[in-house]
Each structure stands twice: as structure tokens, then as C-alpha cells.
Amino acid sequence: MDIVVGGFGELRNAACPGIEQLILKAGGNASNDSDDAALLSRGRLLADVPSPTWMELHTAADGSQVLYAVLEDTNEIASFRVEGAGDSLRLVELSRVPTPGHAVTHVVFVRDDEGQGRLITADYADGYVCVHPVTESGVILEVAQMLRGEGHGPLPAQECPHAHWVQPLPDGRVLTSDLGADRIYVHHWEHGELIREGAVTLAPGTGPRDQHLLPVDSDDPAHDWRVAVAGEWGGTVTLIGPEPGHDAKHSDNGTIRVLQTVSLGPDALPKPDQAASLAFVPWNALQGNAGPRQPARA
């Protein structure tokens, strides 16, 4: 299995040379003390680009694989066609364009209400959320929209808006995290334009960072969704979703509510550490897929 990784490079006085290949060879026994355990080895440098700190893999209309990458320290986004595998794996650059926001930190591919491909970026340093059209083959075009954040939080690191994450919802809307302003902005599409309709305000000093769409046990999961949000500075995980008792199919941002907030606790998050990300892991996966269905862990 091929894995591509990136990180901060020379412009941040760090060591990442660009997008690199790692190769995972799975053995017959995953035990760490087994001779046939899974092995991870370093492959080749696939793309000499500065600070590729986030990447998103997407299948294009023709079935080809396209890798989108943010180049955080040069305020750019790039796309690559993925060819081959293993020793023959290659990334062929399709496009590399500037984004007007500063310190672009996250990007996702979505389709708008007219079916057109869009890349949405979160730009940390100034809080902008930017929208770029994308061709069906994966070529990124010049920016079409810039949505500006506003406000600030109580902490020194929250001196201004800091957009950090873009989360598409099953109902077609889009959430974005503003770590600086303690807000989750809510957006919808109108004739190909991303419209900001409001925000969910979190507790002061939360610093909402990464989000994760959770599976739900519902007859209408497209509209009865739940999203977990990592609070970097508050050391919390906050669950948001449609307010119980409202018509989720026709809800606006006024019916999206904070449903629960869980503290990670001082022992789990010693200072000066911050909560950075989260993932959903079914409990059975930690038990070797054995036994009855159990709750999941995030």
C-alpha cells in the first residue's frame, strides 16, 4: 500500500522536502513482536513542493485519481494526477495556483448545487475561506469567492479570525471552523455561490479546529447528522447537529445547536499541549472485530 505524506519545509525551518511516498507492507500477523508484522518503509520524493501540510485524494469524472495539496507557506494550492503504484508511483502536476488568503491550512473538494466541482480552502492567518472552481480533470482555476471571518476570542492566539477546517455536510451545506473567533460558520449553495448563512458560537476560548462527520443511526442520515469538533485551546470535543424536534430537512443555521461538550481533562491534555485532531474508530475495530456491537470511540 502506498501512503503519501507532507509537512512543513525549509520556509518554516523544518525538514519536509515535499510530498513523499511511504510503503506499507502488511504481514500475516499484526503483532509488534512478530517477524511478519506490517512494515512501513520510506519511498521516494514524489513532488518537490514547499510545505504540503494537507492533502486530499479525489476520484475525477474519468476515474483517475487526483491529489489536491495546500502549500501553506507560499499561499498556494496544487493538484496532481496520480499514476502507477509502488516503485512506479508518480505525481504529475496539473495545476498550482495562488489563493488570496494567507497560510492556507485545509482544502476539500465538493460539488455545488449545480454539480460543478469546487475546492474550498481555510486560510489560517487571516481567517479567509476561499472557493476555487475545478475542472473535471482536476485543474484548479483562479479563486471565485473569498469569505472573510470576523471577531476574536479571549486568548492571545485568538487575536483575529483563524479559519482552520472545512466540513461538507450530507445535506449539501458546508461548515467551517474559525479557531480565532470560537465559531463554526454555516454555508449553503445558491446557483454555484457559497452563501454564509450564520454561525454556531462555542464557549469562549474553545478554539475550534478539526471536525469529523460521525455516522448516525437514523432513517434520514442525510439530514440528521452529527459533527464532532476538536477544541484546540479548550481541550474539548464538542458535538453539534440539528436541534432535536426541528425539521432537519428544512433547517437553517438557527436550528444547528451544540448538543454536547466533553472535556478531555487535565490529565489527558497536559499543558501546554493542545487538541489537534480526532478520528472515529468503531469499538469492535479495537477488539479484533469480535463480539457484539459496541459503542465507538472518537
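Before any of the text, the structure's been laid out above.
Computed from a prediction, not measured in an experiment: that's the story for all the values here. (Residues numbered from 1 in each chain as written. Predicted model: local features only at pLDDT ≥ 70, side-chain atom pairs only at ≥ 80, totals over all residues. Heavy atoms only, no water.)

## Focus on the sheet that holds strand S7 (residues 90-98)
For step 1, the next point in the chain: Read from one edge to the other, the open sheet built from four strands follows the order S4-S5-S6-S7, with strand pairing classed as antiparallel. Of all the strands in the sheet, the pair left with one neighbour each is strand S4 (52-59) and S7. Across this sheet, the average inter-strand angle for adjacent strands is 25 degrees, counted without regard to direction.
For step 2, the next point in the chain: By the bridge criterion, eight bridges tie strand S6 (residues 76-83) to S7 in an arrangement that is antiparallel. (Pairing = 2+ DSSP bridges. Helix = DSSP H or I, 4+ residues; strand = E, 2+ residues; numbered from the N terminus. Axes fitted to C-alpha atoms, helices over the stretch in contact; angles between N-to-C directions.)

## Some remarks on the packing of aromatic side chains
For step 1, the next point in the chain: Tallied over the full model, the rule gives two aromatic pairs.
For step 2, the next point in the chain: Aromatic side chains Trp-54 and Trp-165 sit 5.2 Å apart centroid to centroid with 75 degrees between the ring planes, which places their arrangement in the edge-to-face category. With Trp-54 in strand S4 and Trp-165 in strand S12 (residues 163-168), this pair connects stretches of sequence that are 111 residues apart.
For step 3, the next point in the chain: Exposure remark for Trp-54: the relative accessible area of 27% places this residue in the partly exposed category.
For step 4, the next point in the chain: Take Trp-165: its relative accessible area is 10%, and that puts it in the buried class.
For step 5, the next point in the chain: Centroid distance Tyr-68 to Phe-109: 6.1 Å. Interplanar angle 10 degrees. Geometry classified as stacked. Of this pair, Tyr-68 sits in strand S5 (residues 65-71) while Phe-109 sits in strand S8 (residues 104-111), placing them 41 residues apart in sequence. An identical accessibility class is assigned to Tyr-68 and Phe-109; each is buried.
For step 6, the next point in the chain: Sitting above the plane of the Tyr-185 ring, Arg-196 keeps its charged end 3.9 Å from the centroid. (Phe/Tyr/Trp six-rings, centres within 6.5 Å; stacked < 30°, edge-to-face > 60°. Buried < 20%, exposed > 50% of the residue type's maximum accessible area, 1.4 Å probe, protein only. Lys NZ or Arg CZ within 6 Å of the ring centre and 35° of its normal.)

## Regarding the pattern of salt bridges
Any two side chains of opposite charge can pair, so long as their charged atoms come close to each other.
For step 1, the next point in the chain: All chains considered together, the criterion is met by 14 salt bridges.
For step 2, the next point in the chain: With a closest N to O distance of 3.8 Å, Glu-72 and Arg-12 form a salt bridge. Pair noted here: Glu-72 is in the loop between S5 and S6 and Arg-12 is in the loop between strand S1 (2-5) and strand S2 (19-25), with a separation of 60 residues, a long-range link.
For step 3, the next point in the chain: Accessibility expressed as a relative area gives 9% for Glu-72, which makes it buried.
For step 4, the next point in the chain: Accessibility expressed as a relative area gives 40% for Arg-12, which makes it partly exposed.
For step 5, the next point in the chain: One connected set of salt bridges, linked through shared partners, spans Arg-12, Glu-72 and Asp-73. (Salt bridge = Lys/Arg side-chain N within 4 Å of Asp/Glu carboxyl O.)

In short, shape yes, function no, at least from these values alone.
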